[in-house]
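# Remarks on the overall topology
The chain contents come next:
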Amino acid sequence: MTSTAASATVVVDGAYELAEGGRWFDGRYVYVDILSGRLFELRDDRDDPRPTQLACLDTPLGAVAPVSGRPGSWIAAAGTGIALLTPDGTLEWLDRPEDRTPAPSRMNDGVADPAGRFWAGSMAYDGTPGAGSLYRTDLDGTVVRVLDGLTIANGPAFTADGTTMYLADTAVGTVMRCAVDPVSGELVGSPEIFARLRDDEGSPDGMTVDEEGCLWVALWGAGAVRRYHPEGRLIHTLAVPAPHPTSVCLPPDSDRLFVTTARYGVDNPTATSGAVLGFPVTIRGTAACSWQGRL
């Protein structure tokens, strides 16, 4: 295992409370500020380096994926459920399953899989143990609860063939590996523990899979990003100059790593807390997927 403290570039000095959900779509980097309900993009084809705000909701926004065939529309893990976010900022709800839970809860991170389904987790606002779930939104818009008993469901990430999903339960320090039937979207067997972190190693947050099938994990509370071999072996640790990195993104066409960070829970935040940071790397990722819904 190797460790580095590569020089970080502040890509966006946004002072975000809880930036998250960084993904690469069609030549642009898209991310959210969860608690303020805002959606942003950075584009490679513009001279202006500043982010563009695409939406500002009156509810928390955990993550988005583009809707195939509907330019400017997104499927969103927002508030207490899953919605379509139209170009004018309107939410068209598919379901609000967290309205039906005992503890006040919200949606958290989410991602589309290679088959075009959308997966997103949830959590209780007060971190009630076991109150979180993982949901799958199928192509017909049906929202299915896939797993429950989680605490802070975070960072769904898929291998390129869609047969393996990684899922973090941040509060208990575990990363699970789930076999997925790419045709039906059903889990094959029970999730297995892929990595378990000690309290002093931070908590697993946003994740992504690179072109070699290795898993990158942002470690909340540890100021670090880890890269794991598909067999579960820790390969590399990258130091991040902010205590709460929240998501990681590797574009498919450049040697750089984007890391979102949070000011939330930081007593003495600096310019790198709540920023989007960039790091030079020698490995590339894959473009994120769209939701292929037929609504």
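Residues numbered from 1 in each chain as written. Predicted model: local features only at pLDDT ≥ 70, side-chain atom pairs only at ≥ 80, totals over all residues. Heavy atoms only, no water.

The subject of this paragraph is the sheet that holds strand β16 (residues 164–169). On the basis of which strands lie adjacent, the open sheet formed by four strands has the order β15-β16-β17-β18 and antiparallel pairing. Edge strands, defined here as strands with exactly one partner in the open sheet, are β15 (153–158) and β18 (192–196). This sheet shows a mean twist of 25° between the axes of neighbouring strands, independent of strand direction. Bridge count between β16 and strand β17 (residues 174–179): six bridges; the pairing is antiparallel. Of the residues in β17, the one forming a bridge with leucine 167 is methionine 176. (Pairing = 2+ DSSP bridges. Helix = DSSP H or I, 4+ residues; strand = E, 2+ residues; numbered from the N terminus. Axes fitted to C-alpha atoms, helices over the stretch in contact; angles between N-to-C directions.)

With that settled, consider the nonpolar core. Counting 16 residues, the largest nonpolar core has Val30, Leu39, Leu57, Leu61, Val64, Trp74 and Leu85 as its most contacted members. Top contributing element to this core by residue count: strand β8 (residues 74–78), with three residues. Setting aside residues no more than four positions away along its own chain, valine 64 makes contact with Phe25, Val30, Leu39, Trp74, Ile75, Ala76 and Phe118. Grouped together as the second largest cluster of nonpolar side chains are 15 residues, Trp216, Val240, Val259 and Leu277 included. (Core = buried A, V, L, I, M, F, W, Y, C linked by side-chain atoms within 4.5 Å. Buried < 20%, exposed > 50% of the residue type's maximum accessible area, 1.4 Å probe, protein only. Contact = heavy atoms within 4.5 Å.)

Applying the stated criterion across every chain yields a total of ten aromatic pairs. One aromatic cluster is present, formed by Tyr16, Trp24, Tyr29, Tyr31, Phe40 and Phe258 through successive ring pairs. The ring of tryptophan 119 is capped by arginine 136, whose NZ or CZ atom sits 5.8 Å from the centre of that ring. (Phe/Tyr/Trp six-rings, centres within 6.5 Å; stacked < 30°, edge-to-face > 60°. Lys NZ or Arg CZ within 6 Å of the ring centre and 35° of its normal.)

The next point concerns the side chain of threonine 80. Here threonine 80 is to be found in the loop between β8 and β9 (81–85). Polar side-chain contacts of threonine 80 include one of 2.8 Å to the side chain of aspartate 99. Ignoring any residue separated from it by four or fewer positions in sequence, one finds threonine 80 in contact with Arg96, Pro97, Glu98, Asp99, Ser105 and Met107. (Polar contact = N/O pair within 3.5 Å; in protein donor to acceptor, adjacent residues only side chain to side chain.)

This part takes up unusual backbone geometry. Keep in mind that most residues, glycine aside, have a negative phi and that most peptide bonds are trans. The backbone of alanine 15 shows a phi angle near 50°, a positive value even though the residue is not glycine. Counting through the fold element by element, alanine 15 comes out in the loop between β2 (9–12) and β3 (19–25). Its identity is not glycine, yet aspartate 26 carries a phi of approximately 50°, on the positive side. Looking at the element boundaries, aspartate 26 is found in the loop between β3 and β4 (28–33). Classification of aspartate 26 as exposed rests on a relative accessible area of 67%.

Here we come to the side chain of aspartate 33. Topologically, aspartate 33 is positioned in strand β4. A polar contact is formed between the side chain of aspartate 33 and the side chain of serine 36, at a distance of 2.9 Å.

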